[in-house]
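So the chains spell out like this:
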Amino acid sequence: MRHLPILFHCSFCLLRCGIIFCHYIFPALDAMNFLRNRLVVLGLVLLATLLLYLLLPAIRQGSMEPSLEAQKMGLTATSPPLIPSMNVSIRTGQLPGDPPLFFREALPVDAAGRQFLPRLQIVLLHGQAFTSRTWEELGTMSILATHGYQVLAVDLPGYGKSPDSESLKTDQSRVDLLSRFMESLGVRFAVLVSPSMSGHYSIPFLMKNNAKLQAFIPVAPVGTRGYTPQQYQNIQTPTLIVFGALDTNLGAQSHKNLLQLPHSSVLKLEGARHACYMDKPKEFHQGLIDFLRNI
């Protein structure tokens, strides 16, 4: 019914055009013939209006079908939405040793805020410009805990509240540090999330201690070039390779190298730079949850 004013306007315009047409085409006709012609034109205009009224819904529906189909396809491909994160308590602690390691922890909670046994244990490392606090402020720790995971975020030596140490100059020393951190906090099989600089720790750990990993989530990490295709292919750890589409340097390079892992999938965040989880946090979190659901 909302289209009736438009139709009446179109009819009025058609009627005026018809009258002008008759006036110029039949100037010599008498008044009776001219009146008859005007009635004929009016009848034709009314008929055209009726046809437009009847056909417009069908035309409109036909023009809408492609967009409706696209929406339907989009809904089919969309992952289940994230559970809204609740007020998750995040505790902090410091693990003694050389060096001591500062960490944050979030335990899984249900809808009533009660804690329960975690589905998986997730260890979050960080990039050079960030610390464990980044994961708290970004909401990553709360979101993962709300979905049933125990989350441990560590300040790597020399960052945040963890002092630097001269004892971490070799790959093996960094592997040992991660092993000590996990074992001391009761993490038997970790899902290791490793952005950028933390690849100095995570990639050697993946190569040497992958039996202790439930899954690996590298986010454009450093250190992926120093291994052979065979070394990558020997690793059976499920891996989600994450990088930003605008990160054409380290992101593209690590993506190419890590694709040699036989059980890898890819999360490419469009419009995101090197720290893609900062540019696209919602898409990053959704990708994490989707991947973790299938482990």
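Residues numbered from 1 in each chain as written. Predicted model: local features only at pLDDT ≥ 70, side-chain atom pairs only at ≥ 80, totals over all residues. Heavy atoms only, no water.

1. Notes on the sheet that holds strand β7 (residues 239-244)
Phase 1 of the analysis: One open sheet accounts for eight strands, arranged β1-β2-β4-β3-β5-β6-β7-β8; its pairing is mixed. Two strands close off the open sheet at either side, each with one partner strand: β1 (90-95) and β8 (264-269). Between one strand axis and the next, the sheet turns by 20° as a mean value, whatever way the strands run.
Phase 2 of the analysis: Both strand β6 (residues 213-219) and β7 contribute to a ladder of two bridges, which runs parallel. Bridge pairing links V219 to V242 in β7. (Pairing = 2+ DSSP bridges. Helix = DSSP H or I, 4+ residues; strand = E, 2+ residues; numbered from the N terminus. Axes fitted to C-alpha atoms, helices over the stretch in contact; angles between N-to-C directions.)

2. With respect to the pairing of β8
Phase 1 of the analysis: Where β7 and β8 come together, six bridges link them in parallel fashion. Bridge assignment links V242 to a residue of β8, and that residue is L267.
Phase 2 of the analysis: The β-α-β motif built from β7, the intervening helix α8 (residues 250-258) and the parallel element β8 has right-handed crossover chirality. (Right-handed = clockwise from strand over helix to strand, strands pointing away.)

3. Thoughts on the pairing of β1
Phase 1 of the analysis: Alignment of β1 against strand β2 (residues 101-106), held across six bridges, turns out to be antiparallel. Along β2, the bridge assignment pairs G93 with F103.
Phase 2 of the analysis: Between β1 and β2, which pair antiparallel in sequence order, lie five residues; one of them, G97, sits at a positive phi of approximately 145°.

4. Overview of helix α6 (residues 199-209)
Phase 1 of the analysis: Most of α6 sits inside the fold, with nine of its 11 residues counted as buried.
Phase 2 of the analysis: Buried residues of α6: G199, Y201, S202, I203, P204, F205, L206, M207 and N209, and no others.
Phase 3 of the analysis: Looking at the packing, one finds that the buried side of α6 touches α5 (171-184), β5 (190-195), β6, α7 (229-233) and α8. (Buried < 20%, exposed > 50% of the residue type's maximum accessible area, 1.4 Å probe, protein only. Contact = heavy atoms within 4.5 Å.)

5. A word on the pattern of salt bridges
Phase 1 of the analysis: Evaluation of the coordinates by the stated rule reveals nine salt bridges.
Phase 2 of the analysis: In this structure, the salt-bridge partner of E183 is K212, at a minimum N-O distance of 2.9 Å. Remark: K212 occurs in the loop between α6 and β6 and E183 occurs in helix α5; sequence separation between them is 29 residues.
Phase 3 of the analysis: Judged by its relative accessible area of 31%, K212 falls in the partly exposed class. (Salt bridge = Lys/Arg side-chain N within 4 Å of Asp/Glu carboxyl O.)

6. As for the packing of aromatic side chains
Phase 1 of the analysis: Considering all chains together, one arrives at six aromatic pairs under this definition.
Phase 2 of the analysis: When the centroid spacing of 6.0 Å and the interplanar angle of 65° are considered together, the rings of F130 and Y277 count as edge-to-face. Of this pair, F130 sits in the loop between β3 (121-124) and α3 (132-138) while Y277 sits in helix α9 (residues 276-279), and the two are 147 residues apart along the sequence.
Phase 3 of the analysis: Pairing W135 with Y277 gives two aromatic rings, centres 5.0 Å apart and planes at 35°, and the pair type is tilted. With W135 in helix α3 and Y277 in helix α9, this pair connects stretches of sequence that are 142 residues apart. Exposure class is identical for W135 and Y277. Each is buried. (Phe/Tyr/Trp six-rings, centres within 6.5 Å; stacked < 30°, edge-to-face > 60°.)

7. Quick look at the environment of G251
Phase 1 of the analysis: Within the secondary structure, G251 is located in helix α8.
Phase 2 of the analysis: G251 gets classed as buried once you look at its relative accessible area, which sits at 0%.
Phase 3 of the analysis: Separated by 30 residues in sequence, G251 and P221 place their C-alpha atoms 7.5 Å apart.
Phase 4 of the analysis: Apart from the residues within four sequence positions on either side, G251 is in contact with A220 and F243.

8. Digging into the confidence of the model for the chain
Phase 1 of the analysis: Per-residue pLDDT for the chain has a mean of 82; in total, 72% of the residues score no lower than 70.
Phase 2 of the analysis: Long-range and interchain partners of residues 1-10, a stretch whose pLDDT sits below 50, account for eight contacts in this model, where long-range means more than four residues apart.
Phase 3 of the analysis: In the model, residues 55-77 has pLDDT below 50 throughout and makes three contacts with residues more than four positions away in sequence or in other chains. (pLDDT = per-residue confidence, 0-100.)

9. Quick word on the environment of G127
Phase 1 of the analysis: Locating G127 in the fold gives a position in the loop between β3 and α3.
Phase 2 of the analysis: On the basis of relative accessibility, which here comes to 2%, the residue G127 falls in the buried class.
Phase 3 of the analysis: Sequence spacing of G127 and M197 is 70 residues, and the spatial spacing of their C-alpha atoms is 4.9 Å.
Phase 4 of the analysis: Among all residues touching G127, those that are not within four sequence positions of it are P195, S196, M197 and Y277.

10. Here's the deal with the side chain of T239
Phase 1 of the analysis: Looking at the secondary structure, you find T239 in strand β7.
Phase 2 of the analysis: Judged by relative accessible area, which is 0%, T239 ranks as buried.
Phase 3 of the analysis: Here T239 is in contact with F216, P218, L261, H263, S264, S265 and F291, once residues within four sequence places are set aside.

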